[in-house]
Amino acid sequence: MIAIVVDKNNKETKRIIDPSPRWIVKQLETYTCQVLFRKKLNGQFRSLKCTRNFEKLPSKYESLIHDVIKNPHGYKDIIPVWDISSREWKSFYYDSIYAFKVLLGE
């Protein structure tokens, strides 16, 4: 997997080969990201513009946020995120990620 950090303000791009799950989660907690992954259920590719940054989530989730982000279903290696487009919680497995883009300045 390749992660790309895109800074629209400085017009810079940085590539990171095989980032760790910890690095992925840290970026999601700080920025908006674009994730391309393959769904385990049916093998289809899905792209999500998503975040785990509390400041970018609707206020109605403030009291629930820690429970949701801590993976309420208990699945191993799953990363819950807020889908900015559909405005709902989604998740993906770390090992199903094909590409990960950090969108600085969004």
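Below, the structure is looked at part by part. Since we're looking at a predicted model, the values are computed, not measured.

**Here's the deal with the overall build of the protein chain**
For the protein chain, the helix and strand inventory stands at two helices and seven strands. Of the contacts made within the protein chain by residues no fewer than 6 positions apart, 55% connect residues no fewer than 24 positions apart. Split by element, the accessible area of the protein chain, about 6,900 Å² in all, is 49% carbon and sulfur.

**Focus on the nonpolar core**
Of all hydrophobic cores here, the largest spans 17 residues; its most connected members are Leu 28, Val 35, Cys 50, Ile 79, Val 81, Phe 92 and Phe 100. The element that contributes the greatest number of residues to this core is strand E7 (residues 97–104), accounting for four residues. Discounting residues that sit within four places of it in the chain, Phe 100 has contacts with Met 1, Ile 2, Ala 3, Ile 4, Trp 23, Ile 24, Gln 27, Leu 28, Cys 33, Gln 34 and Val 35.

**Quick word on unusual backbone geometry**
The residue Asp 18 is not glycine, and still its phi comes out positive at about 50 degrees. As for its position among the elements, Asp 18 is in the loop between strand E2 (12–17) and helix H1 (21–30). Judged by relative accessible area, which is 55%, Asp 18 ranks as exposed. Although it is not a glycine, Arg 87 sits at a positive phi angle of roughly 55 degrees. Examined against the element boundaries, Arg 87 turns out to sit in the loop between strand E5 (78–83) and strand E6 (88–93).

**Here we look at the packing of aromatic side chains**
Evaluation of the coordinates by the stated rule reveals four aromatic pairs. Note on Trp 23 and Phe 100: the rings are 6.0 Å apart at their centroids and 70 degrees apart in plane angle, and the pair reads as edge-to-face. With Trp 23 in helix H1 and Phe 100 in strand E7, this pair connects stretches of sequence that are 77 residues apart. Ring centres 5.5 Å apart and planes at 75 degrees place the aromatic pair Trp 82 and Trp 89 in the edge-to-face group. The ring of Tyr 93 carries the charged tip of Lys 40 above its face, separated from the ring centre by 4.8 Å.

**Digging into the pairing of strand E3 (residues 32–38)**
Pairing of E3 with E7 involves six bridges; the strand directions are antiparallel. Across the sheet, the residue bridging to Val 35 is Phe 100, located in E7. Hairpin remark: E3 followed by strand E4 (residues 45–51), antiparallel, with six residues in the connecting loop; positive phi at Gly 43, about 80 degrees.

**What to know about H1**
Among all positions in H1, only Ile 24, Val 25, Gln 27 and Leu 28 are buried. Down the axis, H1 shows its buried residues gathered within 160 degrees of arc, on one side only. Turning to H1, the residues buried within the fold contact E3, E4, E5, E6 and E7.

**Side note on the pattern of salt bridges**
Per the counting criterion, the structure on display carries four salt bridges. The residue Arg 52 makes a salt bridge to Glu 29 at a minimum N-O spacing of 3.9 Å. Taken as a pair, Arg 52 in the loop between E4 and helix H2 (65–69) and Glu 29 in helix H1 lie far apart in primary sequence, 23 residues in all. By relative accessible area, which is 38% here, Glu 29 ends up partly exposed. Lys 40 is the salt-bridge partner of Asp 95, the closest N and O atoms lying 3.1 Å from each other. In this pair, Asp 95 sits in the loop between E6 and E7 while Lys 40 sits in the loop between E3 and E4, placing the two residues 55 residues apart along the sequence.

Reading the values: the criteria
Residues numbered from 1 in each chain as written. Predicted model: local features only at pLDDT ≥ 70, side-chain atom pairs only at ≥ 80, totals over all residues. Heavy atoms only, no water. Helix = DSSP H or I, 4+ residues; strand = E, 2+ residues; numbered from the N terminus. Contact = heavy atoms within 4.5 Å. Areas by Shrake-Rupley, 256 points an atom, 1.4 Å probe, with all protein chains shown as cover. Core = buried A, V, L, I, M, F, W, Y, C linked by side-chain atoms within 4.5 Å. Buried < 20%, exposed > 50% of the residue type's maximum accessible area, 1.4 Å probe, protein only. Phe/Tyr/Trp six-rings, centres within 6.5 Å; stacked < 30°, edge-to-face > 60°. Lys NZ or Arg CZ within 6 Å of the ring centre and 35° of its normal. Pairing = 2+ DSSP bridges. Arc of directions from axis to C-beta. Salt bridge = Lys/Arg side-chain N within 4 Å of Asp/Glu carboxyl O.

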